[in-house]
Amino acid sequence: MIRWRFHDTGAFGELLEELLRETAHRRESPRGQPMPLNAYDEGSELVVEALLPGVRPEDVDLGCSDGVLTIVARLEVPDRDFEHQEVHTTQFYRQLALPPDSRFEDASASSENGVLTIRIPKRRPRPPERIRIEVARKASPEAAIEAKPGTDYEEVKRPRRAPRKKPSGPGSA
């Protein structure tokens, strides 16, 4: 439980507040704070959920380059004379590598209750390519294969060569 006093704590309180503000800003990367997210596969699409409480949908920018999803968002907190302040204006930044079959150009996004949901469809896998195999038959049983013609393979018929004639005559063996 956090308690704060509604009266002036003097110079020490101001120094403590300044120290807390500087510490919060040092944790932030130059691009922004990372937001927590979940990513899961739903078969035909990849779903990414990012927690962005208080961020308006118009303050979110989504992009994809070279298969990397980039989420940039900004939480605006108006300047007031706060008695106690823990929520500050914050820039959020997060990148996530997408699977190669992702189609970001067809993605959709929605925001509800501080959760940004991005649905990225996936490409359908291509059917495996068929490779034609020529089967050369030999007389030896090791070269024989068991397959049904027309279903398991396709035979390529080659014209038979005429057998060579043996030379006949006085010098032949």
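The structure this text deals with has already been given above.
In short, a report on the structure. Only a predicted model underlies this, so the values are computations on that prediction, with no experimental measurement involved.

Re the nonpolar core
Membership of the largest hydrophobic core comes to 17 residues, with the highest contact counts inside it found for Leu52, Leu69, Ile71, Phe92 and Ile118. Those elements that place two or more of their residues in this core are strand E2 (45–51), strand E4 (68–75) and strand E7 (115–121). Here this core gets 4 residues from one element, more than from any other, and that element is E4. With residues up to four places along the chain from it excluded, the contact list for Phe92 reads Gln33, Pro34, Met35, Leu52, Val55, Ile71, Val72, Ala73 and Leu75.

Digging into the pairing of strand E6 (residues 108–112)
Relative to E7, E6 is paired through 5 bridges, and the arrangement is antiparallel. Pairing of Ser108 across the sheet is with Arg119, part of E7. From the end of E6 to the start of E7, which pair antiparallel, there are 2 residues, and Asn113 there has a positive phi angle of about 55°.

With respect to the pairing of E2
Among the 7 residues of E2, 5 are classified as buried, and the element is accordingly described as predominantly covered. Sheet analysis places strand E1 (residues 37–41) next to E2, joined by 5 bridges and oriented antiparallel. Within the sheet, the bridge partner assigned to Ala39 lies in E2 and is Val48. The antiparallel hairpin formed by E1 and E2 contains 3 residues in its connecting segment, where Gly43 sits at a positive phi of about 85°. With 7 bridges connecting them, E2 and E7 associate as antiparallel partners. Opposite Glu49, over in E7, you have Thr117 as the bridge partner.

What counts, and at which threshold
Residues numbered from 1 in each chain as written. Predicted model: local features only at pLDDT ≥ 70, side-chain atom pairs only at ≥ 80, totals over all residues. Heavy atoms only, no water. Core = buried A, V, L, I, M, F, W, Y, C linked by side-chain atoms within 4.5 Å. Buried < 20%, exposed > 50% of the residue type's maximum accessible area, 1.4 Å probe, protein only. Helix = DSSP H or I, 4+ residues; strand = E, 2+ residues; numbered from the N terminus. Contact = heavy atoms within 4.5 Å. Pairing = 2+ DSSP bridges.

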